[in-house]
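As a plain string of letters, each chain reads:
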Amino acid sequence: MKNVVGTVIGAAIDRRDGDSGVKGAILGYVASGTVKTVAKLGTLAAIGYGVVSMVRRGAARR
C-alpha cells in the first residue's frame, strides 16, 4: 500500500512538468522503498548509540 501511494504521488508530480508520469511513478516507488530503509537504519543507529552511551556511563562509574 505504501508503494502505491509513493507511485501515485510521484506520477502526479511528474505530470505537472507535462510528462507522462511514468518516470515519476518509478521514482516515487523507489523513493518509498528508500525512505523505509533509511528509517530502519536510523532507528538501528539510535538504538546502537543508546547502548554505547549506557555502556560508557557504566564503565565510568566503576
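Keep in mind that what you see is a predicted model, and the values were worked out from it rather than measured.

A. Summary view of the overall build of the chain. Within the chain one finds two helices and zero strands. Across the 62 residues that make up the chain, the buried fraction comes to 15%. Carbon and sulfur atoms provide 68% of the accessible area of the chain, an area that totals close to 5,200 Å².

B. Just a nonpolar patch on the surface, in detail. A cluster of nonpolar side chains, contributed by Val22, Ile26, Tyr29 and Val30, occupies part of the molecular surface with about 400 Å² of accessible area. If you trace the backbone, Val22 turns up in helix H2 (residues 22-61).

C. Expanded view of H2. With 40 residues, H2 extends 59 Å from end C-alpha to end C-alpha; this agrees with the ideal 58 Å at 1.5 Å per step. Gly24, Ala25, Gly28 and Ser32 are the residues of H2 that are buried.

D. Broad picture of the environment of Ala31. Along the polypeptide, Ala31 turns up in helix H2. Expressed as a C-alpha distance, the spacing of Ala31 and Gly6, which sit 25 residues apart in the sequence, is 7.2 Å.

Procedures and definitions
- Residues numbered from 1 in each chain as written.
- Predicted model: local features only at pLDDT ≥ 70, side-chain atom pairs only at ≥ 80, totals over all residues.
- Heavy atoms only, no water.
- Helix = DSSP H or I, 4+ residues; strand = E, 2+ residues; numbered from the N terminus.
- Buried < 20%, exposed > 50% of the residue type's maximum accessible area, 1.4 Å probe, protein only.
- Areas by Shrake-Rupley, 256 points an atom, 1.4 Å probe, with all protein chains shown as cover.
- Patch = residues over 30% accessible without salt bridge, like charges linked within 9 Å, V, L, I, M, F, W, Y side chains within 5 Å.
- Salt bridge = Lys/Arg side-chain N within 4 Å of Asp/Glu carboxyl O.
- Expected span 1.5 Å × (residues − 1).

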